[in-house]
Amino acid sequence: MAATARRKSRPVAIDFHAHFVAPEAAAFARPYSVTAANTTMPDDPRVTKKALAEAAKKWGKVTRQRMQDYKIRLKEMDRTGIDIQVLSASLIVQYTYWADAESSLRIERKSNDLLAEIIATAPDRFVGLGGVPLQSPALAIAEMERCMGHLGFKGIQVSGSAGHMELGDARLRPFWARAEALGAMIYIHPAGVAEQRYQKHQLWNSLGQPQEEAMAMMSLIYDGIMDDFPKLKICIAHGGGYLPFYAGRVDRNYLDKPQMRYGQTQTPSGYMKKSFYYDSCVYDRDMFDFLIKKVGARRILLGSDYPVGEEDPVGFVTRSKLLSAADKERILSKNAAKLLGLKI
Amino acid sequence: MAKKAKTAARIKSRSRSVPVVDTHTHIIIPDVWALTKKHSLPARTGAGSDNLSATNIGQDKTMLRMTDAKTRIKDMDRMGIDMQVISPSLVHQESYWASPKKGLAIDQLSNQRMAEYVSAYPDRFAGIGSVPLQDGKLAAKELDRLVNRLGLRGVSISTQVGKLELGDKSLWPFWRKAEKLGVPVFVHPAGNDDRRMHRFGFAFTLAQPWEEAMAMASLVYDGIMDKFPKVKIQIAHGGGYLPYYSGRLDNGYAQMRKRGQATKLKHKFSGYLKKFYYDSVIFDVDMLEFLTSKIPAGRVMMGTDYPFGETRPIQFVRKSKKLSRADKDAILGGTATKLFRLGT
């Protein structure tokens with residue numbers, strides 16, 4: 001109803017990239033999370049451990065409030081002009097694919113149950129994407145079915161790989177087949193790489209996330225998932241990561257080296273234009289315009305990375321000089337509404 | 001054949017005031033390759049793997065083109081290239097795995113052979129050398145020798161030295177020397193042997209620009225660009241991912257500042273982009289135009305990745321509709337002539 005009232009003055013805005021945290025899941029995952037691995041100090045004598053701890057405490061409080069207090073969340077949504085948030089768990093803090101399948105399922109179920117409760121507090125403002133234990137395809141399918149059925153979610157969020165399996169792994173094919181059949185929206189958002197090389201300067205986040213997204217897309221293309229399940233609806237976080245912005249090298253490999261084609265019937269760019277969707281969370285206007293040029297406005301969904309991302313996500317889209325009013329509306333809400341089956 | 005010769009003649013006839021220079025070309029020096037082969041990327045990622053076939057080493061004419069000067073000149077004539085800046089192929093000849101003493105011996109042999117190779121055709125070839133980067137001081141010493149004794153025009157280094165990133169303190173003597181000598185440092189990855197990159201030739205398509213991203217991130221965040229502001233660094237493959245995806249780095253740095261985690265830099269990340277040089281080995285004109293919208297066109301130099309890579313490098317640059325003629329001339333040879341002090 002609130003959305004209808006607001007629609008009169010401006011286009012509806014659906015934020016596809018917004019996180020929540022289930023405290024129990026976060027506690028379970030903490031020892032194995034990328035933030036636990038990230039203990040490197042900046043090698044700057046002016047950065048002290050004490051100052052770092054104080055800043056972390058202060059910032060942690062703000063983030064927790066925005067994540068866990070739903071009144072604050074709704075206020076923030078109103079302030080930034082977001083009518084509907086598509087909620088997915090923060091895999092940075094509650095990634096479970098490292099655990100045994102049964103424990104992982106138990107935690108994912110708890111998180112999904114909480115998500116259903118959050119949605120019930122404001123069903124016209126929230127839409128859900130559930131979590132699954134992807135390291136166990138059979139259990140992942142079962143939980144996806146529960147999410148799409150009983151819990152009424154619109155799709156599933158997965159990380160950039162399934163731990164020891166790339167997303168295109170043969171063992172995951174039943175999962176993709178089922179997702180396609182259910183019409184589940186799939187959001188690929190990496191949990192962060194905990195390897196040591198990625199930790200200094202928080203590189204796991206700035207450099208590592210778009211790299212994981214590139215790996216995810218390439219595996220899905222080269223392992224034949226995109227051709228074999230053509231109706232899959234997959235959105236890649238952070239504007240797709242590196243690949244849509246650096247497609248020349250992979251396209252050239254396809255065009256000039258026929259012996260290097262696997263599982264694909266067109267260039268990687270072909271899949272980028274026709275098969276994948278992307279959120280708008282790239283923090284750079286030129287990049288945003290470039291993405292529009294490369295994949296088209298019908299492939300892009302407004303996404304802020306709430307509670308830590310783009311401060312003015314709607315303005316980021318509407319200020320683009322390349323976009324027509326109709327295209328802006330597509331990115332702000334129409335593309336997402338169509339994919340998620342929402343009436344706006 | 002006749003048609004190709006005509007194309008070359010046509011390119012020549014449109015001649016510019018500056019020669020056409022290819023700044024990204026490789027050579028294999030058989031004496032050196034015999035010492036480094038076992039430790040090279042093709043060997044580490046498994047003989048017969050996709051990665052090996054991707055380089056075609058030992059197959060068709062690649063080895064001939066990597067070694068034989070006359071074949072090289074014929075190819076240059078066909079492509080319309082007046083001068084090649086030749087670097088040792090670090091994918092094959094990187095020496096960083098060896099003890100510093102052994103590494104130095106390998107690089108000294110390589111530099112000696114390179115000087116001999118280019119001296120046979122001084123009006124067509126300019127050589128750059130390599131150094132044992134596993135020892136920053138030895139590397140600085142060999143850099144001085146290869147420039148001042150052997151007349152080489154610069155140096156090629158990889159993106160990582162064992163586990164060390166390029167900005168590591170132990171490498172500062174090398175960077176200090178490079179700045180003092182004023183010679184360009186060509187950063188070209190020797191290759192990433194991560195298991196995830198073994199399939200589908202990802203070691204080349206995905207991992208090379210990723211390594212370049214790591215190199216640029218380290219050079220900026222570890223303070224090299226602030227500490228040695230006059231150092232001239234050329235990043236291969238158009239800089240890899242980061243010049244096309246800098247929004248996330250800027251946002252990440254702002255977030256790190258808020259949380260007290262940031263080393264104090266003079267600029268935000270994207271402010272450093274214009275301090276690097278890049279080649280045009282990106283196979284996508286939109287990317288070239290994006291790159292030159294972010295940094296001055298005078299920072300980009302034509303490259304082919306010979307004997308792989310771009311086969312119509314002049315046409316690639318010329319077909320841009322956004323770049324001015326002066327910009328194209330700078331890219332095709334103007335900047336390289338100055339940077340590598342060609343014709344002197």
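Residues numbered from 1 in each chain as written. Chains lettered and ligands numbered in written order. Predicted model: local features only at pLDDT ≥ 70, side-chain atom pairs only at ≥ 80, totals over all residues. Heavy atoms only, no water.

Draft legend 1. Layout of the side chain of A:E108. Residue and element names in this part refer to chain A. Here E108 lies in helix α7 (residues 101-121). Buried E108, no salt bridge; nearest opposite-charge side chain is R146, N-O distance 9.0 Å. Other than its neighbours up to four places away in sequence, E108 contacts Q94, T96, G131, V132, P133 and E143. (Helix = DSSP H or I, 4+ residues; strand = E, 2+ residues; numbered from the N terminus. Buried < 20%, exposed > 50% of the residue type's maximum accessible area, 1.4 Å probe, protein only. Lys, Arg positive; Asp, Glu negative; His and termini not counted. Salt bridge = Lys/Arg side-chain N within 4 Å of Asp/Glu carboxyl O. Contact = heavy atoms within 4.5 Å.)

Draft legend 2. Expanded view of the nonpolar core. By size, the foremost hydrophobic cluster in this structure holds 184 residues, and its most contacted members are A:F175, A:W176, B:I157 and B:W175. At eleven residues, the largest contribution of residues to this core is made by helix α10 (residues 203-222) of chain A. Sequence-distant contacts of B:W175, that is, excluding residues within four places in its chain, are made with B:I157, B:L166, B:V185, B:L219, B:I224, B:F228, B:V231 and B:I233. Counting residues in each nonpolar core, the second largest holds 18 residues, with A:F16, A:L129, A:A336 and A:A337 among its members. (Core = buried A, V, L, I, M, F, W, Y, C linked by side-chain atoms within 4.5 Å.)

Draft legend 3. How the structure looks around the sheet that holds strand β9 (residues 277-279) of chain B. Residue and element names in this part refer to chain B. The five strands are arranged β4-β7-β8-β9-β10 in an open sheet whose pairing can be described as parallel. Only two strands of the sheet have a single partner each, and these edge strands are β4 (155-157) and β10 (300-301). Here two bridges tie β9 to β10, and the two strands are oriented parallel to one another. Pairing of D279 across the sheet is with M301, part of β10. (Pairing = 2+ DSSP bridges.)

Draft legend 4. Region of the structure containing the interface of chain B and chain A. With 56 residues of chain B at the interface, the matching set in chain A holds 58 residues. In total, about 5,400 Å² of surface goes out of reach between chain B and chain A, with carbon and sulfur atoms giving 57% of it. Broken down residue by residue, the surface that chain B buries against chain A is led by B:R196, B:Y245 and B:R248, which jointly contribute 15%. If you look at where chain B meets chain A, you find twelve salt bridges. Across the pair B:K294 and A:D286 runs a salt bridge, and its minimum N-O distance is 2.8 Å. Applying the counting criterion to the chain B and chain A interface returns 19 residue pairs in polar contact (both at pLDDT 80 or more). Put simply, the parts of the chain that give the side of chain B that touches chain A at least two residues each are α4 (50-55), α11 (202-205), α12 (207-221), α14 (247-258) and α15 (285-294) of chain B. At eight residues, the largest contribution of residues to the side of chain B that touches chain A is made by α12(B). Its residues placed into classes, the side of chain B that touches chain A shows 24 nonpolar, 18 polar and 14 charged. (Buried area = accessible area lost by both parts, 1.4 Å probe. Polar contact = N/O pair within 3.5 Å; in protein donor to acceptor, adjacent residues only side chain to side chain. Nonpolar A, V, L, I, M, F, W, Y, C, P; charged D, E, K, R; others polar.)

Draft legend 5. Broad picture of the sheet that holds strand β6 (residues 233-236) of chain A. All names here are of chain A. The sheet built from eight strands is open, its strands ordered β1-β2-β3-β4-β5-β6-β7-β8 with parallel pairing. Pairing within the sheet leaves two strands with one partner each, and these edge strands are β1 (14-20) and β8 (300-301). The pairing of strand β5 (residues 185-188) with β6 spans four bridges and is parallel. Paired with I188 across the bridge in β6 is I236.

Draft legend 6. Unusual backbone geometry, seen in detail. The residue after A:Y306, namely A:P307, is reached through a cis peptide bond having omega 10°. One can find A:P307 in the loop between β8 and α15 (313-318). Phi at A:Q202 is positive, roughly 55°, even though this residue is not glycine. Mapped onto the elements, A:Q202 comes out in the loop between β5 and α10. Even without being glycine, B:R341 reaches a positive phi, approximately 50°. Note on placement: B:R341 falls in the segment after α17 (325-339).

Draft legend 7. Representation of the state of the cysteines within the structure. All names here are of chain A. By the definition in use, this model includes zero disulfides over all chains. In this model C147 remains outside any disulfide bridge; the closest cysteine sulfur is found in C235, 18 Å from its own. Take C147: its relative accessible area is 0%, and that puts it in the buried class. Of the cysteine sulfurs around C235, a residue in no disulfide, the closest is that of C281, at 11 Å. (Disulfide = S-S within 2.5 Å.)

Draft legend 8. A look at the pairing of strand β2 (residues 83-88) of chain B. All names here are of chain B. For β2, a buried count of six out of six residues is recorded, marking the element as mostly surrounded by other parts of the structure. A two-sided burial pattern is seen for β2, the buried positions comprising M83, V85 and S87 on one face and Q84, I86 and P88 on the other. Judged from the five bridges that link them, strand β1 (residues 21-27) and β2 form a sheet pairing that is parallel. For D22, the partnering residue across the bridge sits in β2 and is Q84. Pairing of β2 with strand β3 (residues 125-127), which is carried by three bridges, proceeds in the parallel orientation. Bridging across to β3, I86 finds its partner in G127.

Draft legend 9. Broad picture of the packing of aromatic side chains. Here the structure, examined in full by the defined rule, presents 25 aromatic pairs over all chains. Here A:F28 and A:W98 contribute two aromatic rings whose centre-to-centre distance is 5.1 Å and whose plane-to-plane angle is 20°, an arrangement assigned as stacked. Of this pair, A:F28 sits in helix α2 (residues 23-29) while A:W98 sits in the loop between α6 (91-94) and α7, and the two are 70 residues apart along the sequence. For A:F28, a relative accessible area of 22% corresponds to the partly exposed category. The partly exposed category is assigned to A:W98, whose relative accessible area is 30%. Between A:Y246 and B:Y244, the ring centres sit 5.5 Å apart and the planes meet at 70°, which makes this aromatic pair edge-to-face. Taken together, the residues A:Y246 in the loop between β6 and α12 (248-256) and B:Y244 in the loop between β8 (233-235) and α14 connect one chain to another. Look at B:Y244 and you get buried, because its relative accessible area is 1%. Members of the aromatic cluster, each reached through a chain of ring pairs, are A:Y242, A:F245, A:Y246, A:F290, B:Y241, B:Y244, B:Y245 and B:F290. The ring centre of A:Y277 lies 4.4 Å from the NZ or CZ of A:R299, which sits over that ring. Between the NZ or CZ atom of B:K169 and the centre of the ring of B:W172, over which it lies, the distance is 5.1 Å. (Phe/Tyr/Trp six-rings, centres within 6.5 Å; stacked < 30°, edge-to-face > 60°. Lys NZ or Arg CZ within 6 Å of the ring centre and 35° of its normal.)

Draft legend 10. Layout of the packing of helix α8 (residues 137-148) of chain A against helix α9 (residues 173-182) of chain A. Residues and elements named next belong to chain A. The interhelical angle for the contact between α8 and α9, taken along N-to-C directions, is 15°, at an axis separation of 10 Å. In terms of orientation, α8 lies roughly parallel with respect to α9. Where α8 crosses over α9, the two elements pack in a sense that is right-handed. Counting all contacts with α8, which are made through A140, I141, M144, E145 and M148, the residues of α9 involved are P174, F175, R178, A179 and L182. (Axes fitted to C-alpha atoms, helices over the stretch in contact; angles between N-to-C directions. Parallel < 35°, antiparallel > 145°, perpendicular 65-115°, else oblique. Left-handed = near helix turned anticlockwise from the far one by under 90°.)

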